[in-house]
Amino acid sequence: MSATRRRSRVERAIREMFDDAGVRGWLHVAELHRPSAHVAVDPGEPVPMGSVYKVPLMVAFCRLADAGLVDPRMPLTLEPSDRVAGPTGLSLLRDPVTMSLRDLVVLMMSISDNTAAHAVLRVVGTDAVDAVCDDLGMPDTRIHGGVVSTFARLVAETGTPSLSAAMARISDNDDIVPPGVYDPVSQASTTPADMARLLRAIWTGRAASSEYCSFMRDVMGKQPWTHRLASGFPYDDVAVYGKTGTFGAMRHEAGVVELADGSAYTAVVFTQAARADKTLPRADAVIGAAAREAVEELRGNEGT
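Residue numbers run consecutively from 1 along every chain, following the written order of its sequence. Totals for whole chains, interfaces and linings use every residue, but because this is a predicted model, local features are given only for residues with pLDDT of at least 70 and side-chain atom pairs only at 80 or more, for both listing and counting. To obtain the side-chain values, all non-hydrogen atoms of the structure were included, while hydrogens and water were left out.

Next up on the list: the overall build of the protein chain. Numbered from the N terminus, helices here are DSSP runs of H or I no shorter than four residues, and strands are runs of E no shorter than two. On a plain count of helices and strands, the protein chain comes out with ten helices and nine strands. Both definitions apply: the radius of gyration is a C-alpha atom measure, and the globule rule equals 2.2 Å times residues to the power 0.38. Computed over its C-alpha atoms, the radius of gyration of the protein chain comes to 19 Å, within 12% of the 19 Å expected for a compact globule of 304 residues. Seen along its three principal axes, the alpha-carbon backbone of the protein chain occupies a region of about 60 × 50 × 35 Å. Residue pairs in contact within the protein chain that sit at least 24 positions apart in sequence constitute 66% of those at least 6 positions apart. The accessible surface values rely on the Shrake-Rupley method and a 1.4 Å probe; as for residues, cover is taken only from the protein chains in view. Total accessible area computed for the protein chain in this model is approximately 12,800 Å², and 51% of it derives from carbon and sulfur atoms. His is not counted here, nor are the chain ends, while Lys and Arg score as positive and Asp and Glu score as negative. Note that the charge is assigned to NZ on lysines, CZ on arginines, CG on aspartates and CD on glutamates. Charge centroids of the protein chain, computed over 31 positive and 38 negative side chains, lie 2 Å from each other. Contact criterion: two residues are considered in contact whenever any of their non-hydrogen atoms come within 4.5 Å of each other.

Along the polypeptide, lysine 54 turns up in helix 2 (residues 54-66). Under the scheme applied here, a residue whose accessible area is under 20% of the maximum for its type counts as buried, over 50% as exposed, and between as partly exposed, the area being computed with a 1.4 Å probe on protein chains only. Salt bridges, as used here, are contacts in which a Lys or Arg side-chain nitrogen is within 4 Å of a carboxyl oxygen on Asp or Glu. Among buried Asp, Glu, Lys and Arg side chains, lysine 54 stands out as unpaired, with aspartate 113 the closest opposite charge at 6.9 Å. When near neighbours in sequence (up to four residues on either side) are disregarded, lysine 54 contacts Met108, Met109, Ser112, Asp113, Asn114, Ala117 and Lys243.

Moving on to the pairing of strand 8 (residues 250-258). Remember that side chains alternate between the two faces of the sheet whenever the strand is regular. Where burial is concerned, most of strand 8 is hidden: eight out of the nine residues are buried. Strand pairing follows a simple DSSP-based rule, namely that at least 2 bridges must link the two strands. As judged from the nine bridges shared by strand 7 (residues 239-247) and strand 8, these two strands associate in the antiparallel manner. When the bridges of strand 8 are listed, phenylalanine 247 appears paired with methionine 250. With antiparallel pairing between neighbouring strands as the criterion, strand 7 and strand 8 make up a hairpin whose turn holds two residues, including glycine 248 at a positive phi of roughly 60°. The hairpin turn running from strand 8 into strand 9 (residues 264-273), its antiparallel successor, is five residues long, and glycine 262 in that turn takes a positive phi close to 95°.

On to the pattern of salt bridges, then. If you walk through the whole model with that rule in mind, you get 16 salt bridges. Where aspartate 134 meets arginine 142, a salt bridge forms, and the shortest distance between an N and an O atom there is 2.7 Å. Residue lysine 222 pairs with aspartate 218 through a salt bridge whose shortest N-O separation is 2.8 Å. Taken together, the salt bridges that share partners define one network made up of Arg15, Arg24, Asp42 and Glu45.

This next bit is on unusual backbone geometry. Phi angles above zero are rare outside glycine, and aspartate 42 is one such case at about 50°. Structurally, the position occupied by aspartate 42 is in the loop between strand 2 (34-41) and strand 3 (47-48). Using a relative accessible area of 25% as the deciding quantity, one classes aspartate 42 as partly exposed. The phi dihedral of histidine 144 is positive, around 45°, even though this residue is not glycine.

Within a pair of aromatic rings, the relevant descriptors are the distance that separates the centres and the angle that separates the planes. Only Phe, Tyr and Trp rings are paired, with Trp represented by its six-membered ring, and only when their centres lie within 6.5 Å; those with planes under 30 degrees apart are stacked, over 60 edge-to-face, the remainder tilted. Counted according to the given criterion, the structure contains four aromatic pairs. When the centroid spacing of 6.2 Å and the interplanar angle of 90° are considered together, the rings of phenylalanine 61 and tyrosine 212 count as edge-to-face. Highlighted residues: phenylalanine 61 in helix 2 and tyrosine 212 in helix 9 (residues 210-220), separated in sequence by 151 residues. Both residues of the pair, phenylalanine 61 and tyrosine 212, count as buried. Centroid distance tyrosine 212 to phenylalanine 215: 6.0 Å. Interplanar angle 80°. Geometry classified as edge-to-face. Pair noted here: tyrosine 212 and phenylalanine 215 are both in helix 9, with a separation of three residues, about one helical turn. Of the two residues, tyrosine 212 and phenylalanine 215, both sit in the buried class. An aromatic cluster is present here, built from Phe61, Tyr212 and Phe215 joined pairwise through their rings.

By this rule, a helix spans an expected 1.5 Å times one less than how many residues it contains. Its 13 residues give helix 2 an end-to-end C-alpha distance of 18 Å, which sits within 8% of 18 Å, the value for a rise of 1.5 Å per residue. Burial runs high along helix 2: eleven of the 13 residues are buried. For helix 2, the complete set of buried residues consists of Lys54, Val55, Pro56, Leu57, Met58, Val59, Ala60, Phe61, Cys62, Leu64 and Ala65.

Among the structural elements, valine 39 can be located in strand 2. Among the residues examined, valine 39 registers a relative accessible area of 0% and is labelled buried. The contact partners of valine 39, leaving out residues within four places of it in the chain, are Arg7, Val10, Glu11, Ile14, Leu27, His28, Val29, Ala294, Glu297 and Leu298.

Limitation: the analysis is restricted to geometry and does not speak to function.
What follows is the structure, encoded as structure tokens:
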């Protein structure tokens, strides 16, 4: 069987996996050092990316730190009024907190802290993030103000009086979600192919200095969530680095999988569930399962 036919077969199989899990899926999985060897499902289609936007934001911070334009140890004090809605970290606290800009980056990446991310974005600025995307060949990635802007647009699109009411509406399977809620044009969005390029730049030292690329890889290895990408590689000798993203019916992860034999793969899987339930284990698990299917295909055809 030719390589093209094998690739087509595995891509059909992955589409069927997405269908069985009740999701629409987008995927790009590639050998880290040979990106032409890849498996893809609609890799160039823009998708709202949720908290995956924190990856290019992290890169922008590192580049500014490299250039001496920001001090990574600069202390920032976040007041209760600075809190941004979210289920983790500083978003849950009620008293003033002071920590360094660099540690805020660690929180926004490891536990996806929305308050930390918004504080970092205020310092870094959207222009610096857009410059990263332009420089690294990511034409379809724009963060549009990050999570705060996304939440504001969600409230406006749903016509609700508050963020909690807006979230309740898009989580109701009996309600019709306004089409603009998941429109990638108006909010932080990217494509699987763009995110794969960014991950490759971090892992090959092109995204920033060697010191800061090492910092980024280390931070992405600290993520505690194992129910998405890592669920497809449940072995002690496999390292999974990633950043999840969740927004309404959308569940994503972008990361790198390093196998015991030294091979490594960029793995970007985005999904949108047919149902709006907050808990859909199969929708989470298919992210890891689809990535593993792609990695196994690539491993089985190395050198072809």
